[in-house]
Amino acid sequence: MNCIFCKIANGEIPAKKIYEDDRVLAFYDIAPQAPIHILIIPKKHFATLLEIGEEDSQLIGHIFLVANKIAKELKIDESGFRIVVNCNRDGGQTVFHLHFHLLAGRPMHWPPG
Ligand code: AMP
């Protein structure tokens, strides 16, 4: 499969990794939209959030625990952060491998653009 995030997950394409375990990888976004911009991905390929099933509940929960851990490690837990999942065209998704943006280091605006 020609998926850039699968290639990052299996080491074919380099990335600046910040966390990895058997199910999840987190790395810095190549075009950061905030002083801290990390992508957290499941190693299992899902094109979009719409592809997850009941059997993936633990994995998705684990991703939020990883975000929690990274936020504490980077000391952005108290100042705060935002987690974003873009889905399909109107969501602004450009890479079709499920990923969670972890954004921090500046105040986030609401409503988002
Ligand atoms: P989205 O628009 O939600 O699909 O987000 C895709 C994100 O992947 C964007 O923020 C891109 O900057 C980022 N991205 C694309 N290619 C790479 C790469 N090789 N390494 C790190 N981040 C990437």
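Data block above holds the structure.
Residues numbered from 1 in each chain as written. Predicted model: local features only at pLDDT ≥ 70, side-chain atom pairs only at ≥ 80, totals over all residues. Heavy atoms only, no water.

(A) Representation of the overall build of the protein chain in the model. Along the backbone of the protein chain there are 3 helices and 5 strands. Traced from its N-terminal end to its C-terminal end, the protein chain shows the element sequence α-β-β-β-α-β-α-β. Dimensions of the protein chain, computed from C-alpha atoms along their principal axes, come out at roughly 35 × 30 × 30 Å. Only carbon and sulfur atoms are counted for the fraction: they give 56% of the accessible area of the protein chain, which is about 6,900 Å². The average position of the 12 basic charges and that of the 13 acidic charges among the side chains of the protein chain differ by 5 Å. (Helix = DSSP H or I, 4+ residues; strand = E, 2+ residues; numbered from the N terminus. Areas by Shrake-Rupley, 256 points an atom, 1.4 Å probe, with all protein chains shown as cover. Lys, Arg positive; Asp, Glu negative; His and termini not counted. Charge placed at Lys NZ, Arg CZ, Asp CG, Glu CD.)

(B) Just the nonpolar core, in detail. Judged by nonpolar contacts, the single largest core of 19 residues is most densely connected at Val24, Ile38, Ile40 and Ile70. Contributing elements (two or more residues each) for this core: strand 2 (24-28), strand 3 (36-42), helix 2 (57-73) and strand 5 (100-104). The element contributing the most residues to this core is helix 2, with 7 residues. Excluding residues within four positions of it along the chain, Ile40 makes contact with Val24, Leu25, Ala26, Ile63, Val66, Ala67, Ile70, His99, Phe100 and Leu102. Core analysis: the second largest hydrophobic core is formed by 10 residues, Cys6, Ala9, Leu25 and Phe27 among them. (Core = buried A, V, L, I, M, F, W, Y, C linked by side-chain atoms within 4.5 Å. Buried < 20%, exposed > 50% of the residue type's maximum accessible area, 1.4 Å probe, protein only. Contact = heavy atoms within 4.5 Å.)

(C) Summary view of the side chain of Thr48. Considering the arrangement of structural elements, one finds Thr48 in the loop between strand 3 and helix 2. Exposure remark for Thr48: the relative accessible area of 8% places this residue in the buried category.

(D) Just the pattern of salt bridges, in detail. This model, assessed by the stated rule, comprises 5 salt bridges. For the salt bridge of Lys43 with Glu20, the shortest nitrogen-to-oxygen distance reads 2.8 Å. Note that Lys43 is positioned in the loop between strand 3 and helix 2 and Glu20 in strand 1 (residues 17-20), a separation of 23 residues in sequence. Residue Lys43 is classed as partly exposed on the basis of its relative accessible area, which comes to 26%. A relative accessible area of 39% places Glu20 in the partly exposed class. Taking the shortest distance from any N to any O, the salt bridge between Lys44 and Asp56 comes out at 2.8 Å. Here Lys44 is found in the loop between strand 3 and helix 2, whereas its partner Asp56 is found in the loop between strand 3 and helix 2, with 12 residues between them in sequence. Judged by its relative accessible area of 42%, Lys44 falls in the partly exposed class. We classify Asp56 as buried; its relative accessible area is 3%. Among the charged side chains, a network of salt bridges with common partners joins Lys17, Glu20 and Lys43. (Salt bridge = Lys/Arg side-chain N within 4 Å of Asp/Glu carboxyl O.)

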